[in-house]
Every structure is written in structure tokens, then in C-alpha cells.
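Letter by letter, the chains look like this.
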Amino acid sequence: MIAGLRAINASPNLVSMLSPEGVLSQHPDFPLEVTTDLVKSLYRDMCLVRRFDREGNALQRQGQLGLWVPLLGQEAAQIGAGRALRSADMAFPSYREHGIAWCRGVDPTELLGIFRGIDFGTWNPAEKKFNNYCIVIGNQVLNAVGYAMGQKLDGVLGDDDAAEATMTFFGDGATSQGDVHEAMVFGAAFNAPVVFYCQNNQWAISEPVEKQTRVPLFARAAAYGIPGIRVDGNDVLACLAVSEWAMNECRTGNGPVMIEAFTYRMDAHTTSDDPSRYRLADETQAWKLLDPIERVKAYLARNGLADATYFDEVQAEADELAARFRKHCIELESPGPERIFSKVYAEQTQQLRDQEAAYLEYLDGFVDPEISSTESVAGAQAGARS
Ligand SMILES: Cc1ncc(C[n+]2csc(CCOP(=O)(O)OP(=O)(O)O)c2C)c(N)n1
Ligand SMILES: [Mg+2]
């Protein structure tokens, strides 16, 4: 059997609620009120997120984006966790967290500039309570612990609705990074209200999780003296139940908690990667049977909670979102060369102003209007349109 599947089948500690066939059971430690509206809305979120993720991939292939980082297969792990956050909670993502962005109310079009290479994301992290994407592996975990220590010092913990906590997202590979270890040591030592949410998607680019650890990742939590939970990351209900529990522990002063969402990266690491060079198609095929969206659909259908009209409506809404996403991407204007100087500091320095002037003068020295600073942008855009 495939290594990752062997581990999930053999894991006695795995928290799950919804089987791949769509059969629901409650977990004694993580009760969740499962209403039809809840399941339908989780289904809708996962379908919409998957749809714009696929559009992102296509846009990269068509030359509209420099890169796309697919989340295919991780929809349940992200929607389950994202939906457990309240508006006052803070989230620190890595670079694959399009589903968390969705749950924080960040419009998917706001992600596009990052992958087109024209901005760092256009949402306001303070307003959305969703920090910037972080490409530096593990860095956001330290940032999250710092923020959570601040929440504690600010006295915003408690058992009322206004209480808040932090969740941070990272991969299986990131657990080998010093930053993540340091963050867990600090978080535990200061009882920081932070949930360490590790999406174990079995791969760190071409490196399998077996090369990252000798023990299951959730078991590492014991070494920091914090609870570690392994949840079926393809089971959106279990991810939600466990995440809600963990966030409540943190909000009421019992943090930190570590969650390992056991899932699978169905697509390439990024559009620059070719997974057929390092993993067998059999493995991906086997995980396809554990698809996070299909099991929710099976649950809704087998219990007569949703019919074909409902599923068609969700699909139509997803297609509309993808069309809006595509249109926004294609219409994005390329910034001029002065842009690289404008986002270095909150306030421009004289030194940068001098560098900018010198650089623009240098570009203007070119005879070719494609290169000169003032005309290069217009020229490039005209070229792109033709
Ligand atoms: C500090 C640092 N080292 C190396 C890299 C290159 N890098 C980008 S993604 C990646 C693998 C990350 O794997 P994992 O943590 O499992 O997350 P996943 O991509 O699977 O979601 C590496 C090594 C980086 N971005 N930052
Ligand atoms: Mg990984």
C-alpha cells in the first residue's frame, strides 16, 4: 500500500467524522452540531475554492500568471480550519492558503497580484485578520506566536464571544525548519493562544514526509508539552470540530495546541514543479478515492439533503466566480518600474528617491521604447493586447 495511506489507516489517533463513502459519525472528544445548512455551506466553500484554484492553474499555463500554488486536495483541511475562526481571531498563512483567505473574507482576486508578480497581495491584514502570504518556510509560525503573545498581554482571552486567539498554517516540510521549533518552544513557554495547524500533505516539493520525521508529526507536540491532534485532513467536519475545540482552548487560556491535518497534495507543488518525476501516479489515484468534496456530496445525496439542482447551482456559482477571477487577472495593469522603490518602507527615504530618479533616468537613456521607463509600460501592455 502507498506510504501515506498506510499511515492514515494505521493511525489509532486519527480524528474523523465523515467516511470517504459519506457516512457520518460523531467523535466523543470533539462534538459538532451537524446541521444540513452547515454541511451545505462547507460543501459550497470547498467547491468555490477548488474552482478558482483550477482557474489559477489555467491562468498560469496561459501566461497570465508567473506562478500558481495549487491547493487541490486540501480544501477540507483549509475550509474546516478557516471556518473555525471568528472575526476577531488572527491567521498567519503560508503560500497555499487560498481556502483560509476565502474564509477570512479576502476576495480571491486579491491573491492574483502575488502570482502575477505585481504586488504582495492587496488585502489589509489588520482588517481581514489574515496576514500576508509567507514564502519563507516557517517564518509565519514565529510571527504568529509573537502576535498571540500580544493577544495574551492585551488581555483579550476569556470565555466571552469577544475573546480571540491565533492560528498559523504550515506544511509537513516546514516542521524541519528551526523557526517552527523555536515558535513552538516560545509558544508553549508563554502559554500563547496559538493553534499550530500543520497541513501534512505528504510532500515538501519532492521530499516525502518520511524524510522529515521518524514519528508522526502530531506526536512531536508532546515534546513541547502541548496537545497534539491528528485529524483526517480530507474530512471537513472533523477539521472544523477539532479546530473549533483548539481555538476555544486557546481563547480561554489553555493554548497552544498543535493539529496535524493528514491530507494530500493532489497537484504539483507549484506550476513550476513536475511531480511525475518523483512520485507514482498510483499514489495520487489512491488518494483520489479520499477526495474531500466527494464525501460531502455523498453524505448530502445519500441522506436526501440535497438534489441535483443544488449541486448544479453550486457549480454554476463556482463557474461565475472563476470567470470573474479570470477577467480580473487579465485586466490587471502592470506597474511601472518606479513601483519597486515605492513599497520598501512605509515612508519613502531620500536615498530611495535618489535611486529611483537615477534608475528612471538610466531607463530613459534607451532608444528602444520597450525599455525606456515612461513608455515601457504602455508598450508592454499594447504588446500583451495584440
Ligand atoms: C526558508 C526556506 N527554505 C526553502 C524554501 C524553498 N521551499 C519552498 S516550498 C518548500 C517545501 C515546503 O513544504 P511543506 O512545508 O511541506 O509545504 P507544502 O508546500 O507542501 O504546502 C521549500 C523547501 C523556502 N521557500 N524557504
Ligand atoms: Mg507539504
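Residues numbered from 1 in each chain as written. Chains lettered and ligands numbered in written order. Predicted model: local features only at pLDDT ≥ 70, side-chain atom pairs only at ≥ 80, totals over all residues. Heavy atoms only, no water.

Chemist: Can you walk me through the pattern of salt bridges in this structure?
Modeler: Where side chains of opposite charge bring their charged atoms close, a pairing between them can arise. Summed over all chains, the structure comprises 16 salt bridges. Notably, a salt bridge pairs Asp45 with Arg83, separated by 2.7 Å at the nearest N-O pair. Of this pair, Asp45 sits in helix α2 (residues 36–61) while Arg83 sits in the loop between α3 (75–82) and β1 (90–92), and the two are 38 residues apart along the sequence. Look at Asp45 and you get buried, because its relative accessible area is 7%. Residues Glu55 and Arg51 are paired through a salt bridge, measuring 2.8 Å at the closest nitrogen-oxygen approach. (Salt bridge = Lys/Arg side-chain N within 4 Å of Asp/Glu carboxyl O. Helix = DSSP H or I, 4+ residues; strand = E, 2+ residues; numbered from the N terminus. Buried < 20%, exposed > 50% of the residue type's maximum accessible area, 1.4 Å probe, protein only.)

Chemist: Can you help me understand the nonpolar core in this one?
Modeler: Side chains that are nonpolar tend, in soluble globular proteins, to be buried together. Tyr43, Tyr133, Tyr197, Leu237 and Leu300 are the most contacted members of the largest nonpolar core, which has 72 residues in total. If sequence neighbours within four positions are ignored, Tyr43 has contacts with Ile293, Val296, Lys297, Leu300, Tyr310, Phe311 and Val314. Grouped together as the second largest cluster of nonpolar side chains are 22 residues, Met90, Ala183, Met184 and Ala221 included. (Core = buried A, V, L, I, M, F, W, Y, C linked by side-chain atoms within 4.5 Å. Contact = heavy atoms within 4.5 Å.)

Chemist: It is not clear to me how α3 should be interpreted in this structure. Could you clarify?
Modeler: An α-helical segment advances 3.6 residues per turn. Residues three or four places apart therefore align on the same side. In terms of residue burial, α3 counts as a mostly covered element, since eight of its eight residues are buried. Listed as buried for α3 are Glu75, Ala76, Ala77, Gln78, Ile79, Gly80, Ala81 and Gly82.

Chemist: Is there a simple way to explain the coordination of the magnesium ion (ligand 2) in this structure?
Modeler: Coordination angles at a metal have ideal targets, namely 109.5 degrees for four tetrahedral donors and 90 or 180 degrees for six octahedral donors. Ligation of the magnesium ion (ligand 2) by protein atoms is provided by Asp172 (OD), Asn201 (OD1) and Trp203 (O), these donors lying 2.1 to 2.2 Å from the ion. Coordination of the magnesium ion (ligand 2) draws on donor residues from a single chain, spaced D-x28-N-x1-W in sequence. Of the two residues, Asp172 sits in the loop between β2 (166–171) and α8 (178–189) while Asn201 sits in the loop between β3 (194–200) and β4 (203–204), which places them 29 residues apart along the sequence. For Asp172, a relative accessible area of 1% translates into the label buried. (Donors = N, O, S within 2.8 Å, 3.2 Å for Na, K, Ca; no water.)

Chemist: Explain the domain arrangement of the protein chain to me, please; I cannot follow it from the model alone.
Modeler: Examined at the domain level, the protein chain breaks down into domain 1 (3–331) and domain 2 (339–385). The straight-line distance from the C-alpha centre of domain 1 to that of domain 2 is 38 Å. (Domains from an automatic or database assignment.)

Chemist: For this particular structure, what's the right way to read the site of ligand 1?
Modeler: Neighbouring ligand 1 are 15 residues, the closest being Tyr95, Arg96, Gly173, Ala174 and Trp203. Between a nitrogen atom of ligand 1 and a main-chain N or O atom of Ile137, the distance comes to 3.1 Å. A total of 580 Å² of accessible area belongs to ligand 1 in isolation, and the protein chains cover 70% of it. A per-class count over the shell around ligand 1 returns eight nonpolar, five polar and two charged. (Near = heavy atom within 4 Å. Polar contact = N/O pair within 3.5 Å; in protein donor to acceptor, adjacent residues only side chain to side chain. Areas by Shrake-Rupley, 256 points an atom, 1.4 Å probe, with all protein chains shown as cover. Nonpolar A, V, L, I, M, F, W, Y, C, P; charged D, E, K, R; others polar.)

Chemist: Any chance you could explain the pairing of strand β6 (residues 228–232) here in plain terms?
Modeler: Burial within β6 is extensive, with four of its five residues counted as buried. Taken together, β6, helix α10 (residues 236–251) and strand β7 (residues 257–262) form a β-α-β motif whose crossover is right-handed. (Right-handed = clockwise from strand over helix to strand, strands pointing away.)

Chemist: Looking at this model, I keep getting lost on the environment of Ser276. Mind explaining?
Modeler: Along the chain, the position of Ser276 falls in the loop between β7 and α11 (281–288). When the C-alpha positions of Ser276 and Ser206 are compared, they lie 9.8 Å apart, and in sequence the two are 70 residues distant.

Chemist: Explanation requested: unusual backbone geometry in the structure shown.
Modeler: Note: most residues except glycine have negative phi, and most peptide bonds are trans. The amide bond that connects Gly255 to the next residue, Pro256, takes the cis arrangement and shows omega of -5 degrees. Along the chain, Pro256 falls in the loop between α10 and β7. Positive phi is not limited to glycine here, since Lys129 has a value of about 55 degrees. The topology assignment puts Lys129 in the loop between α6 (125–128) and α7 (139–153).

Chemist: Hey, could you run me through the pairing of β2 in this one?
Modeler: When a strand is regular, its side chains alternate between the sheet's two faces. Taking burial as the measure, the six residues of β2 include five buried ones, the bulk of the element. Across three bridges, β1 lies against β2 in parallel orientation. Its bridge partner being in β2, Phe92 is matched across the sheet by Thr168. In this sheet, β3 lies alongside β2 in parallel orientation, the contact comprising six bridges. Within the sheet, the bridge partner assigned to Thr168 lies in β3 and is Phe196. (Pairing = 2+ DSSP bridges.)

Chemist: Quick question: what am I supposed to make of the packing of aromatic side chains here?
Modeler: What describes a pair of aromatic rings is the distance from one ring centre to the other and the angle between the planes of the rings. Counted by the stated rule, this structure contains 21 aromatic pairs. Between Trp123 and Phe130 the ring centres are 5.5 Å apart and the planes differ by 40 degrees, which places this aromatic pair in the tilted class. For the residue pair Trp123 and Phe130, the accessibility class agrees, reading buried in each case. Consider the rings of Tyr359 and Tyr362, whose centres lie 6.2 Å apart with planes at 25 degrees: the pair is stacked. Linking Tyr359 with Tyr362, this pair stays in helix α15 (residues 350–364), spanning three residues, or about one helical turn. Members of the aromatic cluster, connected to one another through ring pairs, are Phe52, Trp68, Trp102, Phe115, Trp123, Phe130, Tyr133 and Phe325. When the ring centre of Tyr310 is taken as origin, the NZ or CZ atom of Lys40, which lies over that ring, is 4.8 Å away. Here the guanidinium or amino end of Lys297 rests over the ring plane of Phe311, the centre of that ring lying 5.1 Å away. (Phe/Tyr/Trp six-rings, centres within 6.5 Å; stacked < 30°, edge-to-face > 60°. Lys NZ or Arg CZ within 6 Å of the ring centre and 35° of its normal.)

Chemist: Even after reading the chapter, I still don't get the environment of His98, so can you show me in this structure?
Modeler: Assignment of secondary structure puts His98 in helix α4 (residues 98–103). Accessibility expressed as a relative area gives 0% for His98, which makes it buried. Counting along the chain gives 123 residues from His98 to Ala221, while the straight-line C-alpha distance between them is 26 Å. Once residues lying within four places of it in the same chain are set aside, the contact partners of His98 are Phe52, Asp53, Trp68, Val69, Leu71, Gln78, Leu111, Phe115 and Tyr133.

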